[in-house]
Amino acid sequence: MNMFAKLFHDLDNLTKTNDRLDRLVEYFKSASPHDALWVCWFLSGNRIKGAIRTGELRSFVAGWAVLPVWLVEECHQRVGDLAETISLLVKGPSESKAGSLDSTIRKHLLPLRGKDSADRKLLLSDTWSHLSDFEMLPFHKLLTGGFRMGVSKGNLYKALARVGGVEPSLIAQRLAGDWSCDDLSFADVISSSLSRDTNPYKPYPFCLASPVLEEVESLGSLHEWQVEWKWDGIRAQFFSLGGGRGMIWSRGEEAIEESFPELTKCVPYLPQDICLDGEILAWGYDGLRPFARLQKRLGRKSPGASILKRESVRFHAYDLLRLEGNDLRTLPLSKRRKKLEEVFAKIPNHLPLGLSEIVNASGWDELSKKREQSRDRGVEGFMLKRNTSSYESGRVKGSWYKWKIDPFLADMVVVSAQLGHGKRANLYSDYSLAVWDNTGSLVTVAKAYSGLTKKEIEEVDRYIRKNITGKYGPVRSVRPGIVFEVAFEGAQSSGRHKSGVALRFPRIHRWRQDKKPKDADSLDTIRGFAGIQDICLTENQGIDENGNMLLF
Amino acid sequence: MTNILENKREGLYCPAGDFFVDPRGKVERAVITHAHSDHARAGHNYYLCSDSCLPILQIRIGTKAKIESVPFGKRTKIGSAYVSFHPAGHILGSAQIRIEVKGEVWVVSGDYKPQTDRTCEAFEVVSCNGFISECTFGLPVYQWADEQLVHNEINHWWRENAENECPSLLFAYSLGKAQRVLAGLETEGRPVFVHSAVHSFLTHYEQAGVKFPKLQKVERGIDYNFSNSMVIAPPAVEDSTWVRKMKKAKKGFASGWMSIRGAKRRRNLDRGFVLSDHADWHGLLEVINGTGADRVLLTHGNGDALVRFLRETGKDASMLEGASVRGEEEE
Ligand SMILES: [Zn+2]
Ligand SMILES: [Zn+2]
């Protein structure tokens, strides 16, 4: 455990990506294979679920440190991170009595699952008598699941590739999707032998697009580009396996085929052993439907007949990554597209499978005009893919771009705030934003916590501290005074929100220091944006730290 | 507010002795706990402080100011109040002010730290009826480790940076913290530089018997080769061109606020060292209970949690009205 703790703290202290990468390589070279595999597992974004609940953990700590629970909550609020709070409140022995990372996880962490609360408390107090102060934070990061250490998946793959002397893309494929530390060995992960790959049906790392930041003309001649509409659904890879079986992987690398049985039913009509890259869309007899409709299908395994009928979907194919067992990713896009069209020529029309159409235009001017149809079509703009591009892992500059339509903008007033987390832990940086309703009062329509510079956040924080008008748990109501221009991708009417609308991807566009609260927009304006999309959001969706909705 | 002390616009006022403690604005008589700028301000007519505080106070408010000083522990009569100074363990010369009127005793703590260190007089618990305590770090997440461990960490960090030919730039408040850090350095022959703000206080610390390693003051307009050196500077210069020129430097900060990683990351530092001149959570409780005071008033920091905690343990505690709720720049 000590070696891992050292890695954790070093990664936490290092500020340069390359230094972190070097440190990780050093760890993988010296750690035991069992420990190293756990680090791969966690850095791949996995977490141990169901080991403990937050409230439970706070009450155990309160008991251990002989503090009232409210005080532990205050501490959590100040620190912003529960694992760190615990590591500051619980003092272990000066010398560690914990074993390796692997044994600590197997003895102290995994057994917490399935125990009742009293037994969990016993086991955890025992754990606290084993861990040194140095190991407390790393352990509790594993326990509470918030384990990132500033290492992206891409960098994990690079580090492992260096250790094994293989391509990062190979590592990426081996570590993709669902796996556990019991069905893989570290030697398999870094092995240079290709034949040992046990499961060829794992998702390929998704090729991602960068936003067009400059004038689109700077991309050169339009003839070098394949243009498609940018559809708003769930990006996914669809594999047809032998024996009529299909697998669908979301971009979060979760297997989601059980949620979409109408798609896996198409497998017998597809060539064997292929992989399509595409988007799952809400789609009915009337064509494309708003994204909100798709939400009713999310996270629901084995949906019933009525919802399948009411909330039907379609898989819209963009690309062909595998055909008859051959990896096509290094072929130029134009060749892949040709093969994709050949595959689709043989697929019967009644299936919920579609081919993403190519948009033709004589030049950028004509294309710009066509882009204006985006909102009516329910898409987000264009995708621009270089004809010669291979299917890269992740975001590679110069090959794929998203040319999105401009977001909606509205001026909103900060009416309450909460301390942020992580980097912004001691700053009031989570804001509730309001607009004026017909009766002349401010109603909250969005929450946002991104889009300002560090300096601005600090300045807003100072304003908030001076203008607190009330406390509701961690939330502070604030005297109206700050106006932000908020960008969002769309609005839907919602029964769950007091204002009656829910915004998609709200984020702060800029601080309107020239505007007063009275200049903020009205609820009617926002409702106007909602216009056509009159669907009730009922599912309780989480939001990730970039303000994106968590789909699965 | 109490029989002995009133809370006025300028700060705490003792009518029996007609003086203020650490006042703002302009008053006739100011009794000063210590020479930090949020306690010792220029502009008053007469000052009273502890003997070892005097030369430092002069640096802060000028030698022309009329300052008298008394040794620790000596009772002085001001009007009908008896006043004495007792070590607060915060910085050199820092004092708690004991005020006795008609047998009732109140103590104004100023900033204090019950743990001893080698740069200032050791804290002394003073029994009293009422205690006005700071509470800069009034949450149990603030618990200080043994001082030597922190010095070891700093020395280790410096050695590591030196091996990579990187200067170690360590931010520390110029009065108190900087001297504490300096006194704990193991140079192993490597050079030590200090910013001029830090330098101005060093002689008085040396006169008080504090030993520092061999060091050099950084002068304006000279280009130094800092390569493997330690540079101590106040956090206020963090954004200056001077610091920006030291491209290769690793940056650290020695402060109690560094307990929380978010505070370190927000400043874009390579390292945070948890070293504070204030009482930690246990220190606050130990001292507040040790004084035997029935009434406790808190100032300096967000004390809501400590007030509630003390009340739940049966103490008559509250926030001092108009108390400064100050953030990170706290000295
Ligand atoms: Zn102070
Ligand atoms: Zn002070």
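Located above this text is the structure these notes cover.
It should be emphasised that the depicted structure is a prediction, and the values quoted were computed from it without experimental measurement.

As for a negative patch on the surface
All names here are of chain A. A surface patch of like charges, here negative, comprises Glu-214, Glu-215, Glu-217 and Asp-365. On the secondary structure map, Glu-215 appears in the loop between β2 (210-211) and β3 (225-229). Relative accessible area serves as the criterion here: at 60%, Glu-215 is assigned to the exposed category.

Thoughts on the pairing of strand β9 (residues 95-101) of chain B
Residues and elements named next belong to chain B. For β9, the tally of buried residues reaches seven of seven residues, placing the bulk of the element in the interior. The side-chain alternation of β9 yields two buried faces, one formed by Ala-95, Ile-97, Ile-99 and Val-101 and the other by Gln-96, Arg-98 and Glu-100. Here six bridges tie strand β8 (residues 81-87) to β9, and the two strands are oriented antiparallel to one another. When the bridges of β9 are listed, Phe-85 appears paired with Ile-97. In this structure, β9 lies alongside strand β10 (residues 104-108), joined through five bridges in antiparallel fashion. Pairing of Val-101 across the sheet is with Glu-104, part of β10. Linkage of β9 to β10, two consecutive antiparallel strands, is achieved through a turn of two residues, within which Lys-102 is found at a positive phi near 50°.

Regarding the interface of chain B and chain A
Taken together, the contacts link 24 residues of chain B with 26 residues of chain A. Between chain B and chain A lies a buried interface of about 2,400 Å² when both sides are counted; carbon and sulfur atoms form 52% of it. If you sort the residues of chain B by the area they bury against chain A, Val-141, Arg-261 and Arg-266 of chain B come out on top, with a joint share of 30%. Where chain B meets chain A, there are three salt bridges. In this structure, the salt-bridge partner of Asp-12 of chain A is Arg-261 of chain B, at a minimum N-O distance of 2.9 Å. At the junction of chain B and chain A, the tally comes to seven residue pairs in polar contact (both at pLDDT 80 or more). Elements represented by at least two residues in the side of chain B that touches chain A include exactly α7 (261-266) and α9 (304-312) of chain B.

Re the coordination of the zinc ion (ligand 2)
Residues and elements named next belong to chain B. At this site the zinc ion (ligand 2) is bound by His-34 (NE2), His-36 (ND1), His-90 (NE2) and Asp-111 (OD), with donor distances of 2.1 to 2.2 Å. One way to put it: the four donor atoms around the zinc ion (ligand 2) meet at angles of 90 to 166°, and that makes the site irregular. Taken in chain order, the donor set of the zinc ion (ligand 2) reads H-x1-H-x53-H-x20-D. Between the zinc ion (ligand 2) and the zinc ion (ligand 1), a spacing of 3.4 Å is present, and a bridge between the two is formed by Asp-111. Of the two residues, His-34 sits in the loop between β4 (29-31) and β5 (46-50) while His-90 sits in the loop between β8 and β9, which places them 56 residues apart along the sequence. The exposure classification of His-34 matches that of His-90, with both residues buried.

Side note on the coordination of the zinc ion (ligand 1)
All names here are of chain B. Coordination of the zinc ion (ligand 1) by the protein involves Asp-38 (OD), His-39 (NE2), Asp-111 (OD) and His-300 (NE2), with metal-donor separations of 2.1 to 2.6 Å. Along the chain, the residues that donate to the zinc ion (ligand 1) are spaced as D-H-x71-D-x188-H. Among the residues examined, His-39 registers a relative accessible area of 5% and is labelled buried.

Here's the deal with the sheet that holds strand β15 (residues 230-233) of chain B
Residues and elements named next belong to chain B. A sheet is described by the order of its strands in space; here six strands give the open sequence β14-β13-β15-β12-β16-β17, paired in parallel fashion. Looking at the sheet topology across the chains shown, the edges are occupied by β14 (216-217) and β17 (271-273). Two strands pair when backbone bridges link them, and strand β12 (residues 168-171) and β15 are joined in this way by four bridges, in the parallel orientation. Along β15, the bridge assignment pairs Phe-171 with Ala-233.

A closer look at the pattern of salt bridges
One pass over the structure, following the stated rule, counts 46 salt bridges over all chains. One salt bridge in this structure joins Arg-58 of chain A and Glu-73 of chain A, with 3.9 Å as the shortest N-O distance. Of this pair, Arg-58 of chain A sits in helix α4 (residues 54-65) while Glu-73 of chain A sits in helix α5 (residues 69-79), and the two are 15 residues apart along the sequence. A residue is classified by how much of its surface remains accessible, and Arg-58 of chain A, at 19% relative accessible area, is buried. When the shortest N-O distance is used, the salt bridge between Asp-327 of chain A and Arg-329 of chain A registers 3.0 Å. Take Asp-327 of chain A: its relative accessible area is 38%, and that puts it in the partly exposed class. Classification of Arg-329 of chain A by relative accessible area gives buried; the value is 10%. Salt bridges here are not isolated pairs; linked through shared partners, they connect Lys-113, Asp-117, Glu-147, Arg-180 and Asp-277 of chain B.

What counts, and where the lines are drawn
- Residues numbered from 1 in each chain as written.
- Chains lettered and ligands numbered in written order.
- Predicted model: local features only at pLDDT ≥ 70, side-chain atom pairs only at ≥ 80, totals over all residues.
- Heavy atoms only, no water.
- Patch = residues over 30% accessible without salt bridge, like charges linked within 9 Å, V, L, I, M, F, W, Y side chains within 5 Å.
- Areas by Shrake-Rupley, 256 points an atom, 1.4 Å probe, with all protein chains shown as cover.
- Salt bridge = Lys/Arg side-chain N within 4 Å of Asp/Glu carboxyl O.
- Lys, Arg positive; Asp, Glu negative; His and termini not counted.
- Charge placed at Lys NZ, Arg CZ, Asp CG, Glu CD.
- Helix = DSSP H or I, 4+ residues; strand = E, 2+ residues; numbered from the N terminus.
- Buried < 20%, exposed > 50% of the residue type's maximum accessible area, 1.4 Å probe, protein only.
- Pairing = 2+ DSSP bridges.
- Contact = heavy atoms within 4.5 Å.
- Buried area = accessible area lost by both parts, 1.4 Å probe.
- Polar contact = N/O pair within 3.5 Å; in protein donor to acceptor, adjacent residues only side chain to side chain.
- Donors = N, O, S within 2.8 Å, 3.2 Å for Na, K, Ca; no water.
- Tetrahedral: all angles 85-135°; square planar, octahedral: opposite > 155°, others 65-115°.

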